[in-house]
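The chain contents come next:
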There are 2 protein chains.
Amino acid sequence: MGMKALGRHLLAEFYECNPEILDDLNIVEEYMKQSADVAGATIVNWTFHRFNPQGVSGVVVIAESHLAIHTWPEYGYAAIDLFTCGESVDPWKAFNFLKDKFQAQRVDVKEIQRGKYEEIGIPEGSSHKILTA
Amino acid sequence: MGMKALGRHLLAEFYECNPEILDDLNIVEEYMKQSADVAGATIVNWTFHRFNPQGVSGVVVIAESHLAIHTWPEYGYAAIDLFTCGESVDPWKAFNFLKDKFQAQRVDVKEIQRGKYEEIGIPEGSSHKILTA
């Protein structure tokens, strides 16, 4: 089965999460890195930051694109991006893992294709070689 | 004028860019950081990586969310995310700046609201306080 785009990008809104978890830099960082493993991705680098008085932002750069999070503990809300390339990585596995870990009671998620083959001139059905880190 | 969401997220596809620029780690990093300034954002941290044999991935974490890029010089293509919160930052300024710098001959861009007030329980018309780094 060939893909029709270089990547899949999940834009997830997590509502009614556990606010204490959303406000803990180390836990958020750990879960995001674990989600990369769960999805089958290769971690390249990461950066996380806690804001004053609350909230965490961070990104895990993976060989297959990136996983990002921004949290608003005061609203129990997190905006999560799971952008992966290639067929060996499944962003939905990261989504389900994080939904469970952040204890989201309600979610909204969009899946958007990035780098559609027809737009960048790759013949449909091609298997794009994933670059190694 | 009040916003109806915490943030705006531009998902931009840049086609037919200058491939030499897309493959240059230092230039890509510099342009992405400059685009944060152009948008009126405050840079918190960043990480960029060049892949073998080609391509650059990187993210600038800003106080107002993040700016990310993944490049495929072999296709002249870059996937760019410009996710900003608050009314004092304009992701479209970063978009126009980067479109020019990467010499994109063709673009496709979607603007998506993140953290809609009605979903997270903030009264419409509220002015959300942006957290400082």
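Note that this is a predicted model, so its numbers are computed, not measured. (Residues numbered from 1 in each chain as written. Chains lettered and ligands numbered in written order. Predicted model: local features only at pLDDT ≥ 70, side-chain atom pairs only at ≥ 80, totals over all residues. Heavy atoms only, no water.)

A. Broad picture of the relation of the copies chain A and chain B. It takes a turn of 180° to lay chain A on chain B, together with a shift of 0.0 Å along the axis; the resulting RMSD is 0.0 Å. Accordingly, the operation relating the two chain copies is best matched by a two-fold axis. The residues that chain A uses at the interface reappear at the interface of chain B in 100% of cases, marking a shared surface. (Least-squares fit on C-alpha atoms with pLDDT ≥ 70 in both. Contact = heavy atoms within 4.5 Å.)

B. Quick peek at the interface of chain A and chain B. Contact residues are listed per partner, giving 44 residues for chain A and 44 residues for chain B. For the chain A and chain B pair, buried surface summed over both sides reaches about 3,800 Å², with 64% attributable to carbon and sulfur atoms. The tally of links between chain A and chain B comes to six salt bridges. Residue Asp81(A) pairs with Arg114(B) through a salt bridge whose shortest N-O separation is 3.1 Å. Between the two partners, chain A and chain B, sit 18 residue pairs in polar contact (both at pLDDT 80 or more). Of all the elements in the fold, those that place two or more residues in the side of chain A that touches chain B are strand E1 (5–15), strand E2 (43–50), strand E3 (56–62), strand E4 (65–72), strand E5 (77–85), strand E6 (106–116) and helix H4 (117–120) of chain A. For the side of chain A that touches chain B, the residue count by class is 24 nonpolar, 13 polar and seven charged. (Buried area = accessible area lost by both parts, 1.4 Å probe. Salt bridge = Lys/Arg side-chain N within 4 Å of Asp/Glu carboxyl O. Polar contact = N/O pair within 3.5 Å; in protein donor to acceptor, adjacent residues only side chain to side chain. Helix = DSSP H or I, 4+ residues; strand = E, 2+ residues; numbered from the N terminus. Nonpolar A, V, L, I, M, F, W, Y, C, P; charged D, E, K, R; others polar.)

C. A look at unusual backbone geometry. Between Asn52(A) and the following residue, Pro53(A), the backbone shows a cis peptide bond with an omega angle of 10°. With respect to the element layout, Pro53(A) can be found in the loop between E2 and E3. At Glu16(B), a position not held by glycine, the phi torsion is positive, near 55°. Inspection of the secondary structure assignment puts Glu16(B) in the loop between strand E1 (5–15) and helix H1 (19–22). With a phi angle near 120°, Ser65(B) is a residue other than glycine that sits in the positive phi range. When you line up the elements, Ser65(B) lands in strand E4 (residues 65–72).

D. Molecular detail of the packing of aromatic side chains. Residues and elements named next belong to chain A. A full pass over the atoms with the stated rule returns twelve aromatic pairs over all chains. With a centroid separation of 5.5 Å and 40° between ring planes, the pair formed by Trp72 and Tyr77 is classed as tilted. Of the two residues examined, Trp72 and Tyr77, each falls in the buried class. Members of the aromatic cluster, joined through ring pairs, are Phe14, Trp92 and Phe95. Residue placement shows Lys33 over the ring face of Trp46; its charged tip is 3.9 Å from the ring centre. (Phe/Tyr/Trp six-rings, centres within 6.5 Å; stacked < 30°, edge-to-face > 60°. Buried < 20%, exposed > 50% of the residue type's maximum accessible area, 1.4 Å probe, protein only. Lys NZ or Arg CZ within 6 Å of the ring centre and 35° of its normal.)

E. Layout of the packing of helix H2 (residues 25–39) of chain A against helix H3 (residues 91–101) of chain A. Residue and element names in this part refer to chain A. Where H2 meets H3, the closest approach of the two axes is 8 Å, and the angle between their N-to-C directions is 145°. Taken as a pair, H2 and H3 cross one another with a handedness that is right-handed. For the pair formed by H2 and H3, the contact residues are Tyr31, Met32, Gln34, Ser35, Val38 and Ala39 on the first element and Lys93, Ala94, Phe97, Leu98 and Lys101 on the second. (Axes fitted to C-alpha atoms, helices over the stretch in contact; angles between N-to-C directions. Left-handed = near helix turned anticlockwise from the far one by under 90°.)

F. Local environment of the sheet that holds strand E3 (residues 56–62) of chain B. Residue and element names in this part refer to chain B. Within the open sheet, the six strands sit side by side as E2-E3-E4-E5-E1-E6. Their pairing is antiparallel. Each edge of the sheet is formed by a strand with only one pairing partner; in this case those strands are strand E2 (43–50) and strand E6 (106–116). With direction set aside, neighbouring strand axes in the sheet form an average angle of 10°. When E1 meets E6, the two strands line up antiparallel, connected through ten bridges. Following the sheet pairing, Ala12 is matched in E6 by Val109. Sheet strands touched by helix H3 (residues 91–101): E1, strand E5 (77–85) and E6. Its angle to E1, the strand with the most contacts, is close to 15°. (Pairing = 2+ DSSP bridges.)

G. Representation of H2(A) within the structure. Residues and elements named next belong to chain A. With 15 residues, H2 should cover 21 Å at 1.5 Å per step; its first-to-last C-alpha distance of 21 Å lies within 8% of that length. For H2, the set of buried residues is Val28, Glu29, Tyr31, Met32, Lys33, Ser35, Ala36 and Ala39. Where the residues of H2 are buried, they touch helix H1 (19–22), E2, E3, E4 and H3. Measuring from the side-chain oxygen of the N-cap residue of H2 to the backbone nitrogen of Asn26 gives 3.1 Å; that N-cap residue is Asp24. Gly40, located one to two residues past H2, shows a positive phi value of around 90°. (Expected span 1.5 Å × (residues − 1).)

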